Amino acid sequence: MVGYAFMGAAHSQAWRTVNRVYDLPARARMALICGRDAGKVADAADRLGWEAHTTNWRDLIARDDIDVVDVCTPGDSHAEIALAALAAGKHVLCEKPLANTVTEARAMAAAAATAQAAGVRSMCGFNYRRVPAVTMMRQLVADGRLGVIRHVRATYLQDWIVDPQFPLVWRLQRDKAGSGALGDIGAHIIDLTQFVTGQRITGVSAITETFVKERPLPAGSSGLAATVDGAGPVDGHGAVDGHGPATGTVTVDDAAVFVARLDGGSLATYEASRFATGRKNALRVEINGSLGTVAFDLERLNELEFYDATRPAAEQGFTRILVTEGEHPYMSAWWPPGHIIGYEHSFTHQMRDFIEAVATGADPTPSFADALQVQLVLDAVTRSAELGSSWTEVEPALATVAA
């Protein structure tokens, strides 16, 4: 695995747990973890359960005993690592969004298709697909319980950068993150709604905003230039030549809002913000159909709201479904009915599906091609916002070249 911070810890917990919970045709051995800081990656290896550690991701590629490379780095290194791993015959799990640009994502999807022909598998880590209630939501739609889908509405709201003194971390820099709230959390609701409905976004009209355009540099920052706007060297306390805290420009969006059409005829609205004061991790999706409605709220992760309009009028109303029964998706390996699971379980389910696919020669989902399609939607949203919210078609995944 490359990376050991937030996603690295979540993935590690899942790799440690998956074979203890599920009976799978292969067992994961946590052989090697990589990070840039020698001391920190050594501590992470010990804390997270990895056998060894390195500061050079190419060490993972070179080892013959490593079958899988798990990429948990910022988006600016996804393409380089994943392409090298696939070329070396390693199966690849890569965190979302797939890349920082459509060009990189296309190259990754093409390499994955080539590798697939040689039996090498790849998957993008949209973990919310693996929440049991979300998978059940998809089943309700696929089974026709909602009838014709007419409306899709999705929001993902956080507030962790509301304070203007919050430092300029990598997620606020376009060259490292690709985009802001749009790619970080907007990508999740784009993938989730397309997964649940089985429909793809074809066009968008969008607006984005950066509310705080300058932020203090992190104390001791070494990931930025040695000088800030030519002002002089930055010291270990984020000051420039001792004259107060240095600042840098936020180069990503803080919030993105867009309307969309899906290829099945549905109308959709999306909102992604890291400035929704009081909202910590508020992801909510609602699907309205001709025969009913289903809604999911991540902060009530084990539940669905379901309205069945085919019931007699006197019996109609929203039903709370507690998704903890053994026959519910993924739940047979966990606890007795009513005993809830949490956020981290979605990653365990992700590793379960990935291991099973690799071991049986199946193609895991979402594929790099699926993730490319999400990247194309992100790109369309960005272009629409830059063009004053003009209607913007999502480019096809298969690029054409003019003769």
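Residues numbered from 1 in each chain as written. Predicted model: local features only at pLDDT ≥ 70, side-chain atom pairs only at ≥ 80, totals over all residues. Heavy atoms only, no water.

Student: What's the story with the nonpolar core in this structure? I'm lost.
Tutor: The tendency in soluble globular proteins is for nonpolar side chains to be buried side by side. Core analysis: the biggest nonpolar cluster contains 107 residues, and Tyr270, Leu304 and Phe368 have the highest contact counts within it. Among all residues touching tyrosine 270, those that are not within four sequence positions of it are Val152, Ala154, Ile189, Ile190, Thr193, Ile201, Ala256, Val257, Phe258, Ala260 and Leu262. Counting nine residues, the second largest nonpolar core, distinct from the first, contains Ile161, Leu217, Ala246 and Val250. (Core = buried A, V, L, I, M, F, W, Y, C linked by side-chain atoms within 4.5 Å. Buried < 20%, exposed > 50% of the residue type's maximum accessible area, 1.4 Å probe, protein only. Contact = heavy atoms within 4.5 Å.)

Student: Is there a simple way to think about the packing of helix H8 (residues 181-197) against helix H10 (residues 368-386) in this case?
Tutor: A packed helix pair is summarised by two numbers, namely the angle formed by the two axes and the spacing between the axes. In contact at an axis separation of 10 Å, H8 and H10 are set at 120 degrees when each is read in the N-to-C sense. In terms of their interaxial angle, H8 and H10 are classed as oblique. For H8 against H10, the interelement crossing comes out right-handed. Residue-level contacts link Leu182, Gly183, Ala187, Ile190, Asp191 and Gln194 of H8 to Gln373, Val374, Val377, Leu378, Val381 and Thr382 of H10. For the contact of H8 with H10, the class distribution of residues is seven nonpolar, four polar and one charged. (Axes fitted to C-alpha atoms, helices over the stretch in contact; angles between N-to-C directions. Helix = DSSP H or I, 4+ residues; strand = E, 2+ residues; numbered from the N terminus. Parallel < 35°, antiparallel > 145°, perpendicular 65-115°, else oblique. Left-handed = near helix turned anticlockwise from the far one by under 90°. Nonpolar A, V, L, I, M, F, W, Y, C, P; charged D, E, K, R; others polar.)

Student: Looking at this structure, how should I read the state of the cysteines?
Tutor: By definition, a disulfide links the sulfur atoms of two cysteine residues through a covalent bond. For the structure shown, the criterion picks out zero disulfides. The closest cysteine sulfur to the non-disulfide-bonded cysteine 124 is located on cysteine 94, 5.7 Å from its own sulfur. A relative accessible area of 0% places cysteine 124 in the buried class. (Disulfide = S-S within 2.5 Å.)

Student: What am I meant to see in the sheet that holds strand S10 (residues 255-262) here?
Tutor: Whether parallel or antiparallel, the strands of a sheet pair through hydrogen bonds between backbone atoms. Across the sheet, nine strands lie side by side as S15-S14-S13-S12-S6-S11-S10-S7-S16; this open sheet has mixed pairing. Two strands lie at the open edges of the sheet, namely strand S15 (319-322) and strand S16 (392-393), each paired on one side alone. Here eight bridges tie strand S6 (residues 149-157) to strand S12 (residues 282-289), and the two strands are oriented antiparallel to one another. Opposite isoleucine 149, over in S12, you have glycine 289 as the bridge partner. Contacting S6, strand S7 (201-209), S10, strand S11 (267-273) and S12, H8 crosses the sheet at an angle of about 150 degrees to S11. (Pairing = 2+ DSSP bridges.)

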